[in-house]
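Residues per chain, in single letters:
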Amino acid sequence: VYGSIQGMLQTLDPHSNFLDPTAYARLRERQEGRYYGLGITIQVVDGDISVQSLFEGSPAYRKGVRRGDIIARIKGQDTKGWTSDKAVGELRGPRGTTVEVGLRRQGYDQLIVLNVERDEISIPTILGAFMIDDTTGYVRLRDFSETTDRDLGRSLEELGSKGMKRLLLDLRDNPGGPLDQAIRVSNQFLPRG
């Protein structure tokens, strides 16, 4: 059924998509800007689950997980050959519960075993906001979520209080997000109509 739906959608415009329940749940997490887990971004590299990045202050960050670590075991199971979806499914869970991970780290012969407590992870959409010089502000907008308009407004207000007269709004590699948030962000810069 899912294959048939995908086939039908290919004949429509390139902006039409079908999401199965799992993909839709992931999309909603990104749009809402929060989920319950460890606060890491993972990627499968040569069949290994590799930690690509960590959110500062997240449970994994506090436990000492590092970028480049290989998650070799989750809950005592060897993860070699797992998909990232399977790993994410095991790493995420209810707030306050723990998950045991075994990390393989360059320079260490044995696995580093950690019990990490899951917590709410807020996904920041503004990665940086600062003054480049006396009159120029810089804001790095990573993607759009349901909090982007509010987050950007706070950043612009803070930069305005520091004397900002012009702004460099960095949208590089921004994959998009909820249309209403893109419109609200645009409304902060463009006149009506």
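Just so you know, the residues in each chain are numbered from 1, in the order the chain's sequence is written. Note on the predicted model: pLDDT of at least 70 is required for a residue's local features to be given, and 80 or more for side-chain atom pairs to be given and counted; whole-chain, interface and lining totals, by contrast, use all residues. Side-chain metrics rest on all non-hydrogen atoms present in the structure, leaving aside hydrogens and water.

Draft legend 1. Representation of the overall build of the protein. Summing up its helical and strand segments, the protein has six helices and eleven strands in all. C-alpha extents for the protein along the principal axes are approximately 55 × 50 × 30 Å. Contacts are assigned to residue pairs with any non-hydrogen atoms lying within 4.5 Å of each other. The contacts in the protein between residues at least 6 apart in sequence include a share of 58% that link residues at least 24 apart. Note on areas: Shrake-Rupley with a 1.4 Å probe; residue coverage comes only from the protein chains shown. Split by element, the accessible area of the protein, about 12,100 Å² in all, is 49% carbon and sulfur. Only runs of H or I of at least four residues qualify as helices and only runs of E of at least two qualify as strands under DSSP, and these elements are numbered from the N terminus.

Draft legend 2. Highlighting the environment of Gly107. Tracing the backbone shows Gly107 in the loop between β6 (98-104) and β7 (112-117). Exposure classes here rest on a 1.4 Å probe applied to the protein chains alone. A residue is buried below 20% of its type maximum, exposed above 50%, and partly exposed in between. Taking relative accessible area as the criterion, Gly107 reaches 76% and is therefore assigned exposed. Each C-alpha atom of the pair Gly107 and Gly7 lies 48 Å from the other, and the pair is 100 residues apart in sequence.

Draft legend 3. Focus on the sheet that holds strand β10 (residues 136-141). When DSSP finds at least two bridges between two strands, those strands are taken to pair. The strand order β9-β10-β11 describes an open sheet built from three strands, whose pairing is mixed. In this open sheet, the two edge strands, each paired with only one partner strand, are β9 (126-131) and β11 (166-170). Across the sheet, the mean angle from the axis of one strand to that of its neighbour is 10 degrees, orientation sign disregarded. Looking at chain direction, β10 and β11 are connected through five bridges and run parallel. When the bridges of β11 are listed, Tyr138 appears paired with Leu168. With axes taken as lines fitted to C-alpha atoms, and helix axes fitted only over the stretch in contact, angles between N-to-C directions fall between 0 and 180 degrees.

Draft legend 4. Fine view of empty space enclosed by the protein. Using only the protein atoms, space was sampled on a 1 Å grid; points where a 1.4 Å probe fits but cannot get out form cavities, open sets with protein on both sides within 12 Å along at least five of seven lines form pockets, and lining residues are those with an atom within 4 Å of a point. Grid points are joined across faces, edges and corners, and a volume is the space filled by probe spheres set on the points. The final tally for this structure, using the stated rule, is one cavity of 30 Å³ or more. A volume near 40 Å³ is recorded for the largest cavity. The classification used treats Ala, Val, Leu, Ile, Met, Phe, Trp, Tyr, Cys and Pro as nonpolar, Asp, Glu, Lys and Arg as charged, and all other residues, Gly among them, as polar. Of the residues in the lining of the largest cavity, the class split is eight nonpolar, no polar and no charged.

Draft legend 5. Expanded view of the nonpolar core. Counting 18 residues, the largest nonpolar core has Ile40, Ile71, Ile74 and Val101 as its most contacted members. Secondary-structure elements contributing two or more residues to this core are β2 (40-45), β3 (48-54), β4 (70-74), α4 (84-91), β6 and β7. Not counting chain neighbours up to four residues away, the residues in contact with Ile74 comprise Thr79, Trp82, Ala87, Glu90, Leu91, Val99, Glu100 and Val101. Nine residue types can take part in a nonpolar core, namely buried Ala, Val, Leu, Ile, Met, Phe, Trp, Tyr and Cys, and a core is a set of them joined through side-chain atoms within 4.5 Å. By size, the runner-up hydrophobic cluster in this structure holds nine residues, among which are Ile126, Val139, Met164 and Val185.

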